[in-house]
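# What the coordinates show
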Amino acid sequence: MSAAASCLLTEDQFLCSICLDVFTDPVAIPCGHNFCKTCITKHWDKNVPYQCPNCNKVFYTRPELQVNTVISEVVAQFRHSEQQVSEPGEVPCDVCTGTKLKALKSCLVCLESYCETHLEPHLTRSGLKRHQLIDPVENLEGRMCPKHDKLLELFCRTDQTCVCMLCTVLDHKTHDVVPLEEEYEGKKAELGKTEAEIQQMIQKRRLKIEEIKHSVELSKEDADRETADGVQVFTALKESVERSQAKFIDTIKEKQRKTEKQAEGFIKELEQEISELKKRSTEVEQLSQSEDHLHLLQSCTSLNAAPPTKDWTEVSVRPPSYEGTVVRAVNQLEETLSKQMKKLFEAELKRVQQSAVDLTLDPDTAQPDLILSSDGKQVNCGNVKKNLPDNPERFDYCVNVLAKQSFSSGRFYYEVQVKGKTKWDLGVARESINRKGKITANPQDGYWMICLRNEKKYKACAGPPVRLSLKSRPEKVGVFVDYEEGLVSFYDVDAAALIYSFTGCCFTEKLYPYFSPCLKDAGKNSAPLIISPVNHTE
């Protein structure tokens, strides 16, 4: 049978009716049916008389079996056509000539890889059945010991390398050597644990992605809300400016209208008098040309009475005064804007108060002159310097103290009562600040603070200091910090007004709330600084 003819046959025609698989060493019995040599042999070993499994024909003498070479060739060609050709990246069969088929197994004894057809001897021949088969791999030579040309079947835990049997009695004699299978199981367990850890890390990162996405959504909601509020505020401000401008223009126009009306009245009156005077002038001119003596004399008597006219010497039209009109209009606008600003600051203060934290003063940082309350909420300056250990955290000269709590991310807010004091310092400081001797308090040295001196001199300790003009003396100061935004803001809580903001700060360390009640100032400044509970603004 030719190869072309075999292509017309189907797989069913190459199946053994006993094992229901493609023939292996096909043999034909006298009735003409074909079977695998092993299948029919085992069948007749168990069943006597000898009968064909297909047509049930009985053979009284056991037929001699010979391989059907024609069927074997056709089956081989069929198997070959059914197998997959080796693709790039796949292990090819080492025995195939011409087109290389995909290998199904690799033999660690023969050091070759086999396709389905060429693997058959390893599955059927007793001598080859003992060979160790593995899933197909390339570079089988790499599984041999380069020094002894023996199979690498052991693992040296001491040197963490694969070795052969000869290596264990020579180079690795005293080492901890185990079979590859044992180390494989151990490493496989480790890899399983590693895989579980990796999956856990992946899951954590997926959760972090969801968290970040949620944060972005919240940020967008905040941005949209803030934009809407801002547009509303600016629209109201724009309308206020436009109303003030319109009112200002109307005031100017009204003054001009009054001036024009007054001038029109004067002009009308003057024109009336001119008309009367022109009429009299004509009468005088005509009389002067008369040659009738009696008529002229009699008429002059009636002309002597002057027409009714006004003395216009002191009459004038004075342009209206516009001085102060713009200033008054702007002042009114400023009052409107101030009211709007107050509403904005109230809203802002309400928002930052949502970040309120509970603070207590740290006695280990307090300068020895300071007196702290038992609950750690109040501090003032005493008269006697206490004998305290000079630990690195303690201020030894300036009357300062830090809070126990520190912050290295996020936002936080707290309020301090400063009522009755003539001097004080408030703010935040980084962990690495200098705490010994005289201190320069500015952002370059790690301090972001504002202070009061001599009852009314407020300043922000920037570089250089900034003088603050406040409308009222704060009795309670709020301090707000946004670590990532680099923002430190101070508020007059009762007035709901912003005192000062440090912006564009770069924080890289822990931040501690910072307090200084300052010296007593002959008793004038004996009131304490008090960390107050935050009553959220309604």
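Looking now at the pattern of salt bridges. As enumerated under the stated definition, the model contains 18 salt bridges in all. Across the pair Lys377 and Asp358 runs a salt bridge, and its minimum N-O distance is 2.5 Å. With Lys377 in the loop between β11 (370–372) and β12 (378–381) and Asp358 in the loop between α9 (325–352) and β11, this residue pair connects regions lying 19 residues apart in the sequence. On the accessibility criterion, Lys377 (17% relative accessible area) is buried. Asp358 sits in the exposed class, given a relative accessible area of 60%. With a closest N to O distance of 2.9 Å, Asp425 and Arg453 form a salt bridge. You can see Asp425 sitting in strand β15 (residues 424–430) and its partner Arg453 sitting in strand β16 (residues 447–453), a full 28 residues away along the chain. Residue classification places Asp425 among the buried positions, given a relative accessible area of 7%.

What follows is about the pairing of strand β22 (residues 511–516). In terms of burial, β22 is largely enclosed, as 6 of its 6 residues are buried. Side chains Leu511, Pro513 and Phe515 project from β22 onto one buried face, and the interleaved Tyr512, Tyr514 and Ser516 project onto a second face that is buried too. Where strand β13 (residues 401–402) and β22 come together, 2 bridges link them in antiparallel fashion. Looking at β22, one finds that Leu402 is bridged to Tyr514. When β15 meets β22, the two strands line up antiparallel, connected through 6 bridges. Looking at β22, one finds that Leu426 is bridged to Phe515.

Of all 7 residues that make up strand β19 (residues 476–482), 7 are buried, and the element is covered over most of its length. Burial of the side chains of β19 extends over both faces: Lys476, Gly478, Phe480 and Asp482 are buried on one face and Val477, Val479 and Val481 on the other. Where strand β14 (residues 411–417) and β19 come together, 7 bridges link them in antiparallel fashion. Bridged to Glu415 within β19 is Gly478. In the sheet, β19 pairs with strand β20 (residues 487–492) via 6 bridges, with the strands oriented antiparallel. In the sheet register, Asp482 faces β20, and the bridge partner there is Leu487.

The rules we used
- Residues numbered from 1 in each chain as written.
- Predicted model: local features only at pLDDT ≥ 70, side-chain atom pairs only at ≥ 80, totals over all residues.
- Heavy atoms only, no water.
- Salt bridge = Lys/Arg side-chain N within 4 Å of Asp/Glu carboxyl O.
- Helix = DSSP H or I, 4+ residues; strand = E, 2+ residues; numbered from the N terminus.
- Buried < 20%, exposed > 50% of the residue type's maximum accessible area, 1.4 Å probe, protein only.
- Pairing = 2+ DSSP bridges.

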